[in-house]
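Listed below, chain by chain, are the residues.
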Amino acid sequence: MNLAIKRLEPVKLRSVGLDERWLQQRIIDDPEILGLGQLEIASREHRQPYGGRIDFLMRDAEGETYYAVEVMLGALDESHIIRTLEYWDLERQRRPQLEHRAVIVAEEITGRFFNVIRLLNRAVPIIAVQLTAVKLNDNDVGLLPVTVLDVLTEFGDPAAVAPEERVDRPYWETKVPAASLSVVDKIVAGLRSFGAETRLTYNRHHIALGSTGVNFAWFHPRQTSGNCQINFRVFEDRDGILLDLQNGGIDASPKRTNDVGFGISAANLPPHLSKICEVLKVSEQHSRE
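Let me begin by describing the structure that accompanies this report.

## Some details on unusual backbone geometry
One non-glycine residue with positive phi stands out, namely aspartate 237, at about 55°. Inspection of the secondary structure puts aspartate 237 in the loop between strand E11 (227–233) and helix H6 (238–247).

## A few points about the packing of H6 against helix H7 (residues 273–287)
It is the contact of H6 with H7, at a shortest axis distance of 10 Å, that shows an interaxial angle of 170°. What the angle tells us is that H6 and H7 run roughly antiparallel. For the pair H6 and H7, the contacting residues are Ile241, Asp244 and Leu245 in the first and Lys275, Glu278 and Val279 in the second. Residue classes in the contact of H6 with H7 are distributed as three nonpolar, no polar and three charged.

## Quick word on the pairing of E11
Counting buried positions along E11 gives seven out of seven residues, so the element sits mostly inside the fold. Here E11 shows a buried face lined by Asn227, Gln229, Asn231 and Arg233 and a second buried face lined by Cys228, Ile230 and Phe232. The pairing of strand E10 (residues 217–221) with E11 spans five bridges and is antiparallel. Across the sheet, alanine 217 pairs through a bridge with phenylalanine 232, a residue of E11. Hairpin geometry of E10 and E11 is characterised by an intervening segment of five residues between the two adjacent antiparallel strands and by a positive phi of about 90° at glycine 226. Two elements, E11 and strand E13 (residues 259–265), share seven bridges in a ladder whose sense is antiparallel. The partner of phenylalanine 232 across the bridge, within E13, is valine 260.

## Let's talk about the pairing of strand E7 (residues 141–149)
The side chains of a regular strand alternate, residue by residue, between the two faces of the sheet. Pairing of strand E6 (residues 126–135) with E7, which is carried by eight bridges, proceeds in the antiparallel orientation. The residue of E7 that forms the bridge with glutamine 130 is valine 146. Between E6 and E7, which pair antiparallel and follow one another directly, the connecting turn spans five residues.

Criteria and cut-off values
- As a convention, each chain's residues are numbered from 1 in the sequence order in which they are written.
- Owing to the predicted nature of the model, reporting of local features is limited to residues with pLDDT of at least 70; listing and counting of side-chain atom pairs is limited to 80 or more, with chain, interface and lining totals taken over all residues.
- Only hydrogens and water are set aside; all other atoms, that is, all heavy atoms of the structure, feed into the side-chain values.
- Counting from the N terminus, the helices are the DSSP runs of H or I reaching at least four residues and the strands are the DSSP runs of E reaching at least two.
- Angles here are taken between N-to-C directions and fall from 0 to 180 degrees, while the axes themselves are lines fitted to C-alpha atoms, restricted in helices to the stretch in contact.
- Angle categories are assigned with fixed cut-offs, so that under 35 degrees is roughly parallel, over 145 is roughly antiparallel, 65 to 115 is roughly perpendicular, and the rest are oblique.
- Contacts between residues were defined by any pair of non-hydrogen atoms, one from each residue, lying within 4.5 Å.
- Three residue categories are used. Nonpolar comprises Ala, Val, Leu, Ile, Met, Phe, Trp, Tyr, Cys and Pro, charged comprises Asp, Glu, Lys and Arg, and polar comprises the others, including Gly.
- Per-residue accessibility, obtained with a 1.4 Å probe over protein chains only, is compared with the maximum for each type, and a residue is labelled buried under 20%, exposed over 50%, and partly exposed between these values.
- Strands qualify as paired when DSSP identifies two bridges or more between them.

Structure representation (structure tokens):
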């Protein structure tokens with residue numbers, strides 16, 4: 001097959017007569033255009049108690065993680081960063097029992113501000129999306145989202161997590177149903193039957209799984225009974241691992257640069273447990289190298 005190569009022309013939205021209202025409407029029509037997965041819009045221009053409005057308040061399908069999303073045309077600036085963090089903090093105070101993410105969306109994120117938000121990312125779960133407009137023809141514009149910074153995932157020395165973020169098993173037993181924690185327990189037991197020397201580290205927002213090396217998997221038990229989101233680090237052949245899981249009936253997807261994630265319920269775990277342990281064992285082995 002001979003494929004024609006066409007040169008795409010990046011443009012600024014304002015230069016082609018489009019404004020923030022236009023972009024917001026496109027996001028309303030299709031929230032996945034931001035590249036953040038299957039999120040739903042909880043509120044648009046959500047008013048804050050101390051003034052100001054969030055462009056979008058989004059949440060995941062289970063309603064357990066909220067995203068304070070600020071959208072800006074042109075280049076990212078200081079006021080945009082500050083406003084996003086303020087809104088994130090207010091939403092976190094409003095629903096302290098849930099997880100919250102700050103999301104900055106801009107057409108251009110320069111090296112200077114990338115370094116700033118990268119440093120902030122060590123303390124604040126912040127995501128930065130550079131949304132590039134591409135002129136397709138005289139009448140059409142395409143939007144290409146690139147997540148230039150994602151929520152920091154613990155990887156390496158467990159001490160990298162701030163001490164105040166450390167919790168214990170009883171904390172999670174009061175936070176989520178026993179069925180959700182049972183998913184973690186059954187996978188860990190399965191890995192041990194594969195010969196892996198596993199350790200669990202309980203943190204406020206996730207449960208990290210490691211062995212004698214660095215952490216290689218992170219569990220997010222959900223309040224929806226029996227559900228758990230699992231992300232794990234892939235050290236080689238991510239496409240092959242994704243295909244293997246998908247062919248086995250597990251709805252896995254790529255996360256960040258080297259991660260794979262999927263959700264599983266306690267009810268659906270038994271037929272998939274062996275496959276999950278098989279791929280996690282490979283990650284565990286690489287984590288010790």
